[in-house]
Amino acid sequence: MNTIPLTEIIDPAATCSTCAACCCQLEVMLITDTGVPDRFIDTDDWGGEVMLRLDDGWCAALDRDTMMCTIYEKRPLICREFEMGAPECIEERRGIATAYR
Ligand code: SF4
Ligand code: SF4
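Residues numbered from 1 in each chain as written. Chains lettered and ligands numbered in written order. Predicted model: local features only at pLDDT ≥ 70, side-chain atom pairs only at ≥ 80, totals over all residues. Heavy atoms only, no water.

Asker: Mind laying out the site of ligand 1, listing which residues take part and the relevant values?
Answerer: In the vicinity of ligand 1, the residues found are Thr 15, Cys 16, Cys 19, Ala 21, Cys 22, Cys 23, Phe 82, Met 84, Cys 89 and Arg 93. In terms of residue class, the shell around ligand 1 is built from 8 nonpolar, 1 polar and 1 charged. (Near = heavy atom within 4 Å. Nonpolar A, V, L, I, M, F, W, Y, C, P; charged D, E, K, R; others polar.)

This is the structure:
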């Protein structure tokens, strides 16, 4: 089976330092315990644990001044696996292009 080289999937121009933390508006399910503090945890309609999102849509653990994660060392598995420059990342950046700083 042929595999696509990583360099053809990842867009090197898309970096978190030029992004308004677009992916931190997505719903993040907590599927493993990484030590996320209780105050940042919400329950979804099905009883599952998710990251709490505030009225502005962003994750409660995101610092609104720096647009950086305040619990980086304890961030959920899904956040760890969301790859900068991958197709999902590009899609999120496109959706919120006006928020880039
Ligand atoms: S959408 Fe991509 S570039 Fe933006 S913060 Fe998330 S991983 Fe980084
Ligand atoms: S836990 Fe951190 S990396 Fe994950 S969505 Fe929230 S602010 Fe973003």
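Asker: Outline the site of ligand 2, supporting the account with residue identities and numerical values.
Answerer: Taken together, Cys 24, Val 28, Met 51, Cys 59, Ala 61, Leu 62, Cys 69, Ile 71, Pro 76 and Cys 79 are the residues near ligand 2. Here the residues of the shell around ligand 2 are counted per class, giving 10 nonpolar, no polar and no charged.

Asker: I'd like a rundown of helix α3 (residues 87-95), residues and numbers included.
Answerer: The complete set of buried residues in α3 reads Cys 89, Ile 90 and Arg 93. One side of α3 carries all its buried residues, which in axial view fall inside an arc of 100 degrees. The outward face of α3, more than 90 degrees from its buried face, is lined by the exposed residues Arg 94 and Gly 95. (Buried < 20%, exposed > 50% of the residue type's maximum accessible area, 1.4 Å probe, protein only. Helix = DSSP H or I, 4+ residues; strand = E, 2+ residues; numbered from the N terminus. Arc of directions from axis to C-beta.)

Asker: Describe the pattern of salt bridges, naming the residues involved and giving the relevant values.
Answerer: This model, assessed by the stated rule, comprises 3 salt bridges. The partner of Arg 64 in a salt bridge is Asp 56, and the shortest N-O contact between them spans 2.8 Å. The exposure class of Arg 64 is partly exposed, given its relative accessible area of 28%. (Salt bridge = Lys/Arg side-chain N within 4 Å of Asp/Glu carboxyl O.)

Asker: Just give me the short version of the nonpolar core, but keep the residues and values in it.
Answerer: Core analysis: the biggest nonpolar cluster contains 9 residues, these being Val 28, Leu 30, Val 36, Phe 40, Met 51, Cys 59, Ala 60, Ala 61 and Ile 71. If we ignore the near neighbours within four places in the chain, the residues touching Phe 40 are Val 50, Met 51, Leu 52, Ala 60, Ala 61, Thr 70 and Ile 71. In terms of nonpolar packing, the next biggest core, distinct from the first, is built from 5 residues, Ala 21, Trp 58, Leu 62 and Met 67 among them. (Core = buried A, V, L, I, M, F, W, Y, C linked by side-chain atoms within 4.5 Å. Contact = heavy atoms within 4.5 Å.)

Asker: Describe the side chain of Arg 93, naming the residues involved and giving the relevant values.
Answerer: Among the secondary structure elements, Arg 93 is positioned in helix α3. We classify Arg 93 as buried; its relative accessible area is 12%. Polar contacts involving the side chain of Arg 93 include one to the main-chain carbonyl oxygen of Thr 15, which spans 3.1 Å. (Polar contact = N/O pair within 3.5 Å; in protein donor to acceptor, adjacent residues only side chain to side chain.)

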